[in-house]
Amino acid sequence: MKKEIFGLTPEELQQEFVAAGLKKFRASQVYQWLYKKCVFKFEEMHNLSKADIAVLNEKFTVMPANINILTRWKSSDGLTEKLLLYGGAIQLAGSVKGKATARHAVSDWMELEKQRGISISSSVMQFEYNGYCINILDTPGHQDFSEDTYRTLMAADSAVMVIDAAKGIEPQTRKLFKICAMRNIPIFTFINKLDREARSPYDLMEELEQEFGIGTYPMNWPIGCGIDFKGVYDREKREILAFSEFHRGQDKIKAIECSLDDTEKLDSLIGEKLRRTLCDDVELLDGAGYEFDIDQVRDGKLSPVFFGSALNNFGIEPFLESFLDMTMPPLPRKAGDEIVDPFTDKFSAFVFKIQANMNKAHRDRIAFMRICSGKFERDKEYFHVQGGKAIRLAQPQQLMAQERAIINEAYAGDIIGVFDPGIFSIGDTICDKSMKVEFEGIPTFAPEIFAGVERIDTMKRKQFEKGIMQIAQEGAIQIFHEPYTGVEEIIVGVVGILQLEVLEYRLKNEYGVDVRRRSMPYEVVRWIDNEGINPNDLNLTSDTKWVQDFRGNNLLLFTSEWCVNWALTKNPGLELREFNRD
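Source: prediction; values computed, not measured.

Criteria and cut-off values
Every chain begins its residue count from 1, and numbering advances along the sequence as written. Local features in this predicted model are restricted to residues whose pLDDT is 70 or higher, and side-chain atom pairs enter the listing and the counts only when it is 80 or higher, whereas totals over whole chains, interfaces and linings include all residues. Working from all heavy atoms in the structure, the side-chain values ignore hydrogens and water. Helix and strand definitions here come from DSSP, where helices need a minimum of 4 consecutive H or I residues and strands a minimum of 2 consecutive E residues; each element is numbered from the N-terminal end. Type-normalised accessible area, obtained with a 1.4 Å probe on protein chains alone, sets the label of each residue: buried when under 20%, exposed when over 50%, and partly exposed for intermediate values. Only heavy atoms matter for contacts: two residues are in contact if any of them lie within 4.5 Å across the pair. Accessible surface is estimated by sampling points in the Shrake-Rupley manner with a 1.4 Å probe; for residues, cover comes only from the protein chains shown. By this rule the span expected of a helix is its residue count minus one, scaled by 1.5 Å. When we speak of the arc, we mean the arc of directions from the helix axis to the C-beta atoms. Here a salt bridge means any side-chain nitrogen of Lys or Arg lying within 4 Å of a carboxyl oxygen belonging to Asp or Glu. Pairing between two strands is assigned when DSSP locates at least 2 bridges connecting them. Each nonpolar core is a collection of buried residues, namely Ala, Val, Leu, Ile, Met, Phe, Trp, Tyr and Cys, held together in the definition by side-chain atoms within 4.5 Å. Each patch is built from residues lacking any salt bridge and having more than 30% relative accessible area; the joining distance is 9 Å for like charges and 5 Å for nonpolar side chains (Val, Leu, Ile, Met, Phe, Trp, Tyr). The charged-residue count follows a simple rule in which Lys and Arg add positive charge and Asp and Glu add negative charge, with His and chain termini not counted at all. Where a charge sits is defined by one atom per residue type, namely NZ (Lys), CZ (Arg), CG (Asp) or CD (Glu). For Phe, Tyr and Trp, where Trp contributes only its six-membered ring, two rings pair if their centres lie within 6.5 Å, and the inter-plane angle classes them as stacked under 30 degrees, edge-to-face over 60, or tilted in between. Only lysine NZ and arginine CZ atoms are considered, and such an atom sits over a ring when it is within 6 Å of the ring centre and within 35 degrees of the ring normal. With axes taken as lines fitted to C-alpha atoms, and helix axes fitted only over the stretch in contact, angles between N-to-C directions fall between 0 and 180 degrees. Left-handed describes a crossing in which the near helix is turned anticlockwise from the far one by less than a right angle; the clockwise case is right-handed. Three classes are used: nonpolar for Ala, Val, Leu, Ile, Met, Phe, Trp, Tyr, Cys and Pro, charged for Asp, Glu, Lys and Arg, and polar for all others, with Gly counted as polar.

(A) Quick peek at the overall build of the protein chain. If you tally the helices and strands in the protein chain, you get 15 helices and 33 strands. Scored against the burial criterion, the 582 residues of the protein chain give a buried share of 54%. Contacts spanning at least 24 positions in sequence make up 69% of the contacts within the protein chain whose residues lie at least 6 apart. Taken as a whole, the protein chain presents about 26,000 Å² of accessible surface, with 46% of it coming from carbon and sulfur.

(B) Region of interest: helix α10 (residues 272-288). Between the first and last C-alpha of α10 there are 24 Å, a value that for 17 residues agrees with the 24 Å anticipated at 1.5 Å per step. Close packing links the buried residues of α10 with α8 (201-212), β8 (215-218), β9 (220-223), β10 (231-234) and α9 (263-270).

(C) Main features of helix α15 (residues 561-570). Among the residues of α15, those classed as buried are Cys563, Val564 and Ala567. Summarising the axial view, the buried residues of α15 lie within an arc of 105°, below the 170-degree limit, and thus occupy one face. Opposite the buried face of α15, at more than 90 degrees from it, the exposed residues are Trp562 and Thr569.

(D) Focus on the pattern of salt bridges. According to the stated counting rule, one finds 23 salt bridges in the structure shown. Of the charged contacts, one joins Glu489 and Arg518 as a salt bridge, the two residues approaching to 2.9 Å between their closest N and O atoms. Highlighted residues: Glu489 in strand β28 (residues 489-494) and Arg518 in strand β29 (residues 515-519), separated in sequence by 29 residues. The class of Glu489 is partly exposed, set by a relative accessible area of 24%. Between Lys508 and Asp514 there is a salt bridge whose closest N-O contact spans 4.0 Å. In this structure Asp514 comes out as partly exposed when scored by relative accessible area, which is 41%.

(E) Local environment of the sheet that holds β9. Taking strand neighbours across the sheet as the criterion, the four strands line up as β9-β10-β11-β12 in an open arrangement whose pairing is antiparallel. The sheet terminates laterally at β9 and β12 (256-257), the two strands that pair on one side only. Where β10 meets strand β11 (residues 239-242), four bridges bridge the pair, whose relative direction is antiparallel. Pairing of Tyr233 across the sheet is with Ile240, part of β11.

(F) Just the nonpolar core, in detail. Counting 37 residues, the largest nonpolar core has Phe177, Ile191 and Leu278 as the members making the most contacts within it. In this view, Ile191 contacts Ile163, Ala165, Leu204, Val305, Phe306, Phe307 and Gly308; residues no more than four positions away in its chain are not counted.

(G) Geometry of a negative patch on the surface. A surface patch of negative charge is lined by Glu291, Asp293, Asp295 and Asp299. With respect to the helices, strands and loops of the structure, Asp293 is situated in the loop between α10 and α11 (294-298).

(H) Representation of the packing of aromatic side chains in the model. Applying the stated rule across the entire model yields 14 aromatic pairs. Between the aromatic rings of Trp221 and Phe307, the centroid separation amounts to 5.4 Å while the plane-to-plane angle is 70°, which identifies the pairing as edge-to-face. Residue Trp221 is found in strand β9, and its partner Phe307 is found in strand β13 (residues 302-307); the two are separated by 86 residues along the sequence. A single burial state applies to Trp221 and to Phe307, both of which are buried. Joined through ring pairs, the aromatic side chains of Phe188, Phe190, Phe306, Phe319 and Phe323 make up one cluster. Note that Lys570 overlies the ring of Trp566, its terminal NZ or CZ placed 4.7 Å from the centroid.

(I) Broad picture of the sheet that holds strand β30 (residues 524-528). Taken in spatial order, the eight strands make up an open sheet running β29-β26-β28-β27-β31-β32-β30-β33, and their pairing is antiparallel. The open sheet has two edge strands with one neighbour each: β29 and β33 (576-577). Sheet topology note: the β30/β33 ladder contains two bridges and is antiparallel. Within the sheet, the bridge partner assigned to Trp527 lies in β33 and is Arg577. Together, β26 (449-455), β28 and β29 form the strand contacts of helix α14 (residues 497-511), whose direction differs from that of β29 by roughly 165°. Strands β30, β32 (554-558) and β33 of the sheet are contacted by α15, whose axis makes an angle of about 25° with β30.

(J) Molecular detail of the pairing of strand β5 (residues 132-138). For β5, the buried fraction is high: seven of the seven residues fall into the buried class. In β5, alternate side chains face the same way, and those of Tyr132, Ile134, Ile136 and Asp138 on one face and Cys133, Asn135 and Leu137 on the other are all buried. In this structure, the hairpin formed by strand β4 (residues 123-129) and β5 is closed by a connection of two residues, where Asn130 is found at a positive phi of approximately 50°.

(K) Structural detail: the packing of α9 against α10. Packing of α9 against α10 leaves a shortest axis separation of 7 Å and a crossing angle of 115°. In the packing of α9 onto α10, the handedness of the crossing is right-handed. Facing α9, whose interface residues are Thr263, Leu266, Asp267 and Ile270, α10 presents Glu272, Leu274, Arg275 and Leu278. Taken together, the residues of the contact of α9 with α10 break down into four nonpolar, one polar and three charged.

(L) Spatial organisation of unusual backbone geometry. Here Arg238, not a glycine, exhibits a phi torsion of approximately 55°, which is positive. On the secondary structure map, Arg238 appears in the loop between β10 and β11. Backbone geometry at Gln395 places phi at a positive 50°, although glycine is not the residue there. Mapping Gln395 onto the fold places it in the loop between β20 (389-392) and β21 (397-400).

(M) Structural view of the environment of Gly315. Tracing the chain through its elements places Gly315 in the loop between β13 and α12 (316-326). Considering only alpha carbons, one finds Gly315 and Ile240, 75 residues apart in sequence, at a separation of 9.8 Å. When near neighbours in sequence (up to four residues on either side) are disregarded, Gly315 contacts Phe190, Val232, Leu241 and Phe307.

Rendered as structure tokens:
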């Protein structure tokens, strides 16, 4: 049986090599390649001979590189499904629109998502491809669900930005990827829908550079667009991925090797006019474009750009393979003043998402955890920092949207789901009992739309309370109540109006409760930071409301920013903040 060497120090590696009779190996060199240069295959260690590699492969095994991708765009499901198709996780890719194949997107598991054709909740999908373990964090594209996307961003190591070739960068894409750029998260750009009429690729790249302050390097180049779209040209491999609409994007496409100097072959493939345009474009890019620098890519300063059509399967496989060559495996995480090394042998993770009722047959709650370091082992006790006690993580699962598979182990970079009996909150830290680190909390953003929600059937109080509390714990809504009152009516705060519609739908279909909703005039909420203050003693405008969340924190609801300024001016020393990390 092969010896697993994940997490070993150079000294421990040397001991293992000597015990295996491999005295000539310098363990420090192997360690440098494995953990500092982020190589996870002995074959990729350039300082080893083929004979050495064969011996190492016979005696030892290392973990596969775990790579987390954040995907976020208006019609992301097309590219997500094609990545799963190439990874072998699915055999037939459905259409985002669903007309040609009568299938909904794999990542859209909620019934309302299937009905409306939009993503409402983030979804986690894991698959292996060429020795890599890839976790896709597929997030909602609609702006009303952007808060879920921001939380999921905390678990990602790389981001894939998909841009509509006709529309360019859209508002929510702009917000999210500015945060990615500020955090130096590597951004990989896929310019989609080239099979439709599109803007100039030069204009699209210039917009990207100006919006995010990063450089761009096109890895391939489109040949025409719309009805003249012939495919894409791979600049490195010097081959063409040719257009064919008959497979409807459900199968893989083979590339055609073709040099730009082979005029006759190019003319037969794409025509003389497009051949001349392609040659001029490639010459211009080689002479005047950014130079490719892998360090700049990994630092989030240079974005590799790929062109294609996810729905029709153009440019997907080159994108996936290039992405895996360039992206980074799990990175160190900050926990207070401590930096947690992903390659330490001690387990640590944080909760970035909670979802109830993913499976109608179970009606359970799943807490999604991003493993930051070490190796997770099933049935082993770990420490829940916020709960202050040792726990066993029940039913650890690998996820493919709503499909689940029980696992016995997982590594740094993996996303796993565990059964939540109601003890976890978003941002909680779970770690080895000897470690007791605490990762930074995930912010709760201030809602902008408020509504009063009450049940129609007074006999369904228990179901109403359970549904409201569970959905609030997922982070989908925020709930408040007036002090000294019951829960006959709950004040619900959301970022977008669609979240209220989803709340009504879920309460009815998952908890059997019909509700009545009434709009409220409030637009701004602030948490009161002062301890021991009595909100009744504050000098506030008549339309300001004092409420509490269900942890007992005091908040104020205002109808405008002017009312906020009034409160601060009339109450010296009053401290208000926009969002809460508790």
